[in-house]
Every structure is written in structure tokens, then in C-alpha cells.
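Secondary and tertiary structure notes
Next come the chains, spelled out residue by residue.
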Amino acid sequence: MLKTIRTSILLLLCLTVLHGNAQTKTQGDFAGYLFAYFEGSGETNTQEQLRFGISTDALSWVALNNNKPILPSEKISKTGGIRDPHLLRGTNDGSFYMTATDMFTVKNGWETNPGIVMLKSKDLINWEHSTIDLVKLYPKKFANVKWVWAPQTIYDPSAKKYLVYFTVRFKDDEKLDFYSAYANKDFTGFENTPKLMFHAKYGAIDGDIVYKDGIYHFFYKGNTKGADGKEIKNGIQQATSKSLKGPWKEDYRYVDAYSDKGTAVEGSSVFKLNESGDYILMYDLYSNQRYEFQRSKDLFKFTAEPEKFTKNFNPRHGSVISITRKEARRLQSKWPGVPEQLLQPVEPQDRYQFTSTGNPVIKHEYTADPAALVKGDTLWLFTGHDVAGGQIGYKMKDWLAYSTTDLKHWTEYPAPMKISDFSWAKSGDAWAGQVIERNGKYYWYISTNWSGIGVAVADRPEGPYKDALGKPLLTAKDCFASTHSWACIDPSVFIDKAGQAWLFWGNGQCYYAKLKPNMIELDGPIKKVDFQDFDFTEAPWIHDYKGKFYLSYATGFPEKIAYATSENIEGPYQYKGILNEIAGNSNTNHQAIVQFKGEWYFIYHNGGIQTDGGSFSRSVCIDRLQYNPDGTIKRIQMTTEGVQ
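Residues numbered from 1 in each chain as written. Predicted model: local features only at pLDDT ≥ 70, side-chain atom pairs only at ≥ 80, totals over all residues. Heavy atoms only, no water.

Here the structure, examined in full by the defined rule, presents 29 salt bridges. The partner of Arg 290 in a salt bridge is Glu 292, and the shortest N-O contact between them spans 2.7 Å. Accessibility expressed as a relative area gives 1% for Glu 292, which makes it buried. Put simply, Lys 221, Glu 266, Asp 284 and Arg 316 are held in one network by salt bridges that share partners. (Salt bridge = Lys/Arg side-chain N within 4 Å of Asp/Glu carboxyl O. Buried < 20%, exposed > 50% of the residue type's maximum accessible area, 1.4 Å probe, protein only.)

Shown next as C-alpha cells:
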């Protein structure tokens, strides 16, 4: 008996997975959402084309490919336009299936359309397509067809096939009914002539079927008509059945929030949230240029008040599926725009690999205050992290780490350190720092606004790093010539040829001190750098070249980078001039200078990511650094192309 119960439970679980969203992955695999849609604004000739949007939470959405089409309609449809794209993750086959209305209203109007478009992909990037013209393929049944609208696909576990269903209207009949047919194995056409699937009492369009707890929920745009046959109300309704073959039981209630308000909605689509039991019923308020949604836990009762999406595009009738982090990264490689939360590694062994296409080097997240370390044939880049674009004020909560062997192909690691790792850093600000290696350990000196300078240690350059002291190494009290609270920032460390480690830092005044061999204690007094024409703002960096020490630093505000040289690391320094002009769209400028594979590089940040870059949403860039014969440095030429 126990064995029978256990077998029944396993069978029920399998059926739940197969019916649900036809997703073979578990909910825990999913990290975000993909929205397939066509546009409702912009150039009319390009609106009826397939686009993708993406989200981490299904509430805030961004368009991929700068909201440009990902597949030209002229290449995948007969009419040159597509509408109502429906996206489905396949069951047990690793494929994705998409259907769309083959219709180009801008060119051909609304009078009629021939059929649908069917697409299949293994990776969401490369799509095979075919067109289904019902009039030509099935003239006996559909010679008089007027509309073939809003096709969708669902996996039928009883038949082990994909069922495609859509709205049909004939020219001599105003009824709007749902027809369906099983797709062939290649998803290039139908096995047989489509048959009537469901006839709503007053007709319906835009069907969307969702399976939950043994019941198929058929959502659609329905209506109510009076005794005279005229429509008096419309909105989103549903019918239910225990089988895709029916019979379907209509529930004449309206589930959307607008049916009683006279505001038209259509194109309903239901999907499940990744980390909760909630379902989202979204719909297109097409006459108001809005897209809104309501929530439900059982698909019968929905929240009364609609909610709005945040988005940078204007979608028309589309659909949403859950996607994995791996799939999001794949989409980013083809059509950029994926939020950094879906690209950034989270698990300890996870890595995100990307290719730089010039400056800024990193375009999927906002990076600032670069520091670099060369280890063998690898350059390690450590940055601060502006948490979002278009910010007002510095919001930086962690630090990031990357590596490259050619300055083109990069690997990103899980965030190696957060400001919350420093219990004493009450400011909550993860400001600039630098990493250096000594005796097989890696030391990261960081600043925290007014809480002071700390040091963390790791066994590997990518971390994770741990607070080495449990308290700040330096605080504002150590900045004896300063009076403002943020004087103790921007640490930079250098080990000279004799093996002595030095720490430089400061804002407004430049300080330095020796470090003990353990790298976590000062070894002697704190001193101040000063020389003629030294107009120091912040961001000191020390490097050596042909026996001379070069001190570069931010000067003025908005900041430029200047530099000075000395025969001795403690000075006296001689001012040599401006090295880098104001970095575009950024008030601050912060540099690292390193030699890598025989070439010298100047690493800095600007506000160059379009369109939300700026002084508080910065991006790391790399350009070449070149010396004159007398040892002075040529003015840095900031480029869009970078060092490729």
C-alpha cells in the first residue's frame, strides 16, 4: 500500500511539471524572466516585429537590443509583420517554442490575415521558422477565413505533443472561436487540419491556457451581450477543464480590474513567479498605452487593484517565461541589455565571461575607482561598484573583481567583498581601494567614506576576502592636516625593490606611511606629501619606471589626473603636469597605471555608459600609456575604441 501511494505521488509530481509551464528545470534554477512582445510606439513600420525584454523580478523590465527587433518580421512571416508572440519552454527536449500572428496591419490593414508563424530554438538566439497559411494548406475548411489571431502553444502530456491553439473568424460569420491542432515533430506545421477547440458563449480572442492542480485554466478576452446581440461589456474571463480536449466550463465573471470601468484590455498572459506561489495575470491596455497586472495564488481569485510594470519600452500583447542565469548571459552576448543581477556570478564557483568591445570595458554594470594587479600572464582588475544607472549620490555597497589575459576576453567573479563584511564601517560606503600580493596572500586596502581605511586578506586574488583587523587601519584622526570627515580615503599600496611596503591615501591632503611585513600594521609615523604646484584632490597611485617613482593623483574638481616624479618614494617630488583630462560625463577621475605584457596601460573611469552613465554611475575604461624619451608621460588620449 505504501509503495502504491509513493508511486502515485511521484506520478502526480511528474504530471504537475509536465502540465505547468512545460519547464523541465526546477523553480530554483530560474533567476529572471524573458518577455516576448511587439512594440506599441515608435516608428510604425517596425512596431510589428519581435522584441525581447528582461527582468530580475518580473516587475521592472528593460528592453534587450536597445528595443530594436531581434528577428526581422520580413524574414519570418508572409505579411512582413508579426503580432502577439507567445514563448514557451519545451518539455524534456531543451527547446523553446514560439508562435505569433502573421499580420502587418500598418501595410495591409485589419481586413484579413493568412495565418501564423511558428518558431523553434535550442538557445533563444538562433530560431528556425515556418509560416502556416490556413487558406492555402486547408482550403476545404479555411478558404473563407478572415482572421487567425494570437496563437499559443501548450504541451499535452496525454498525447506527448505540443498543441497550438488560436482564434479564428470566418468572413461570413462574426463568431470568434478557438481552433487547435497538434504540431508536427519539427514544429514546422500541423499534423492535421485544425479543429474547433472551444466556443465561448459570446465569442473570445487571445486565449492563454495554464495548468494548475489538475485543472486547465483557459483565460481569454470575452464579452457579454444583451438581448439585442450587442456587446455591453468585455474583459478577461476564464473557462476551466480537466483535459485540453474539454469540455470547457465557462465562468462568466470578469477577472480583470477594468471590465467595470469601460477600459478595454486584451492579450492576457499568465505566468508564475520564480520564488513564490503567486501567479501574474498581465494584460495590454492597448488604447491607453499601458501594460498592467494582477496577482493570484489559485488562478480563481485575483487581487482587486492592478499594478504597473516599470519598463523602458511599450509592449503590446506578449508573453513571459522564466529563464536561468546561463540563458540570460547567452542573451546578453547577442542582444545586450540584461541587468547586471542576472550576469554577475553569485555562487562561489560561478564565473561570467564576456568580451570587451572598447570603452567602457564593462558595460553590463557600473564600475568605478579601478585598481589593477598583474600576476603572471593575467591582469586582475578590482573596482568599486555604483549600484545603478542614473544615480544621484554615491551608492556603493560592494567591490568587484575581474581578470583577463588579453584585455579583450574577461572573467567576472562573485563579488569578493561587501561593505557589510566590515562591522566597524558604519558609513555603509564601499569606496576606492587597491589589492597587492605579498607572501602568497592578497591584501585589499579599502576606504569607507568617514569610517576609515580597512584591510582585508584572501588566499586568491578573486577572494573571498575577510577583514584582517576587525577595526580600521586608519581613521580621520590619522589625517592630522585635515579637518573634513572624508579625508581618510583612497588607499594605494606599493612595495619597492627593497621589499618595503608603502601606503598612500587622502582627500585634500596626501598622506603616506610604511607598512610592516605583515601588511596590516603601520611601521613608523604618518607623513604628508607636499611639493610646489601640488594641487591634490584624491586618488594617489604610485608606480615606478626606469628607476623613478611616479605619483599620479586627481587634481581640481571636476577632476583631472596630474602626476609628479621623484628619485625617492618619499620625495621630493617634481610636478610634471596633467596626465589625463576630465573624464567624460564624470566629475571624478580615478586611475591605475600598470605594465602588462610589455605595454603600459592607464585605467580610469568615466560616465560613458549610455544613457544612464554619470558622475555617480561610472564605468571603467582602459587606454594606452606612453613615455617620452626623457621619462615624462604623454598626455593620455581617451578613446571609445580602447586598447583592442
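To continue, consider the sheet that holds strand β31 (residues 466-467). Read across the sheet, 4 strands follow the order β28-β29-β30-β31 without closing on themselves; strand pairing throughout is antiparallel. Lying at the two open borders of the sheet, with one neighbouring strand each, are β28 (431-438) and β31. Pairing of strand β29 (residues 441-447) with strand β30 (residues 453-458) involves 6 bridges; the strand directions are antiparallel. When the sheet's bridge partners are listed, Ile 446 is paired in β30 with Gly 454. (Pairing = 2+ DSSP bridges. Helix = DSSP H or I, 4+ residues; strand = E, 2+ residues; numbered from the N terminus.)

A word on the pairing of strand β33 (residues 501-505). Along β33, 5 of the 5 residues are buried, which leaves the element largely enclosed by surrounding structure. Alternating positions in β33 separate into two faces, Ala 501, Leu 503 and Trp 505 on one and Trp 502 and Phe 504 on the other, with burial throughout. Both strand β32 (residues 492-495) and β33 contribute to a ladder of 4 bridges, which runs antiparallel. Bridging across to β33, Val 493 finds its partner in Leu 503. The hairpin turn running from β32 into β33, its antiparallel successor, is 5 residues long, and Gly 499 in that turn takes a positive phi close to 90 degrees.

Left-over empty space is what a probe sized like a water molecule reveals as it rolls over the atoms. All told, the structure shown has 3 cavities of 30 Å³ or more when counted by the stated rule. Approximately 50 Å³ is the volume found for the second largest cavity. Contributing elements (two or more residues each) for the lining of the second largest cavity: β23 (366-375), β28 and β36 (538-545). By residue number, the principal contributor to the lining of the second largest cavity is β28, which donates 3 residues. A class-by-class count of the residues in the lining of the second largest cavity yields 6 nonpolar, 4 polar and 1 charged. (1 Å grid on protein atoms, 1.4 Å probe; cavity = no way out; pocket = protein on both sides within 12 Å on 5 of 7 lines; lining within 4 Å. Points joined across faces, edges and corners; volume = space filled by probe spheres on them. Nonpolar A, V, L, I, M, F, W, Y, C, P; charged D, E, K, R; others polar.)

We now examine the sheet that holds β33. In space, the 4 strands of this open sheet follow the order β32-β33-β34-β35, with antiparallel pairing throughout. If you trace the sheet from one side to the other, it starts and ends with β32 and β35 (527-529), each paired once. Direction aside, the axes of adjacent strands within the sheet are offset by 30 degrees on average. Pairing between strand β34 (residues 510-515) and β35: 3 bridges, direction antiparallel. The partner of Tyr 512 across the bridge, within β35, is Lys 527. (Axes fitted to C-alpha atoms, helices over the stretch in contact; angles between N-to-C directions.)

Among the nonpolar cores identified, the biggest contains 65 residues, and Leu 34, Phe 52, Leu 87, Trp 127, Leu 331 and Trp 410 are the most heavily contacted of them. Counting residues per element, this core draws most heavily on strand β41 (residues 599-606), which supplies 5 residues. With 23 residues, the next largest nonpolar core counts Trp 380, Tyr 413, Ala 430 and Ala 458 among its residues. (Core = buried A, V, L, I, M, F, W, Y, C linked by side-chain atoms within 4.5 Å.)

It is worth spelling out the layout of surface pockets at this point. Of the pockets and cavities examined, the largest pocket occupies roughly 1,600 Å³. Lining the largest pocket are 43 residues; nearest its centre among them are Pro 336, Gly 337, Lys 363, Ile 609 and Gln 610. Broken down by secondary-structure element, the contributors of at least two residues to the lining of the largest pocket are β2 (51-55), β3 (60-63), β20 (310-311), α7 (325-334), α8 (340-343) and β22 (352-355). Counted by class, the lining of the largest pocket contains 15 nonpolar, 21 polar and 7 charged residues. Approximately 490 Å³ is the volume found for the second largest pocket. If you trace the second largest pocket, you find 26 residues lining it, with Trp 147, Trp 149, Leu 176, Ile 205 and Lys 221 closest to the centre. Of all the secondary structure elements, the ones that give two or more residues to the lining of the second largest pocket are β4 (82-89), β8 (145-156), β10 (173-182), β12 (205-212), β13 (215-225), β14 (231-241) and β21 (315-324).

With that settled, consider the state of the cysteines. A full pass over the atoms with the stated rule returns 0 disulfides. Cysteine Cys 479 remains unbridged, with the sulfur of Cys 488 as its closest cysteine sulfur at 4.3 Å. Judged by its relative accessible area of 2%, Cys 479 is buried. You can call Cys 488 buried: its relative accessible area is 1%. (Disulfide = S-S within 2.5 Å.)

For the rest of this paragraph, the subject is the packing of aromatic side chains. Two numbers describe a pair of aromatic rings. These are the distance of the centres and the angle of the planes. Per the stated rule, a full pass over the model turns up 58 aromatic pairs. Both rings, one in Trp 110 and one in Trp 149, keep their centres 6.1 Å apart while their planes meet at 75 degrees; by these two values the pair is edge-to-face. Placement of the pair is Trp 110 in the loop between α4 (105-108) and β6 (115-121) and Trp 149 in strand β8, with a sequence separation of 39 residues. Seen from their ring centres, Tyr 394 and Phe 616 are 4.8 Å apart, and the 80 degrees between their planes marks the pair as edge-to-face. Here the residue Tyr 394 occupies a position in the loop between β24 (378-386) and β25 (396-404), and Phe 616 occupies one in the loop between β41 and β42 (619-624), the gap between them amounting to 222 residues. Pairwise contacts between aromatic rings join Phe 35, Tyr 37, Trp 61, Tyr 291, Phe 293, Phe 309 and Phe 313 into one cluster. Sitting above the plane of the Trp 147 ring, Arg 169 keeps its charged end 5.0 Å from the centroid. (Phe/Tyr/Trp six-rings, centres within 6.5 Å; stacked < 30°, edge-to-face > 60°. Lys NZ or Arg CZ within 6 Å of the ring centre and 35° of its normal.)

On to unusual backbone geometry. Negative phi characterises most residues that are not glycine, and trans characterises most peptide bonds. Cis geometry marks the peptide bond from Asn 359 to Pro 360, where omega comes out at -5 degrees. Within the secondary structure, Pro 360 sits in the loop between β22 and β23. Following Gly 571, the chain continues to Pro 572 via a peptide bond in cis, the omega torsion being 5 degrees. Within the element layout of this structure, Pro 572 appears in the loop between β38 (560-566) and β39 (574-580). Here the phi dihedral of Asn 66 falls at roughly 55 degrees; this positive angle occurs in a residue that is not glycine. Among the structural elements, Asn 66 can be located in the loop between β3 and α3 (73-76). The exposure class of Asn 66 is exposed, given its relative accessible area of 65%. Backbone geometry places Asn 449, a non-glycine residue, at a positive phi of 65 degrees.

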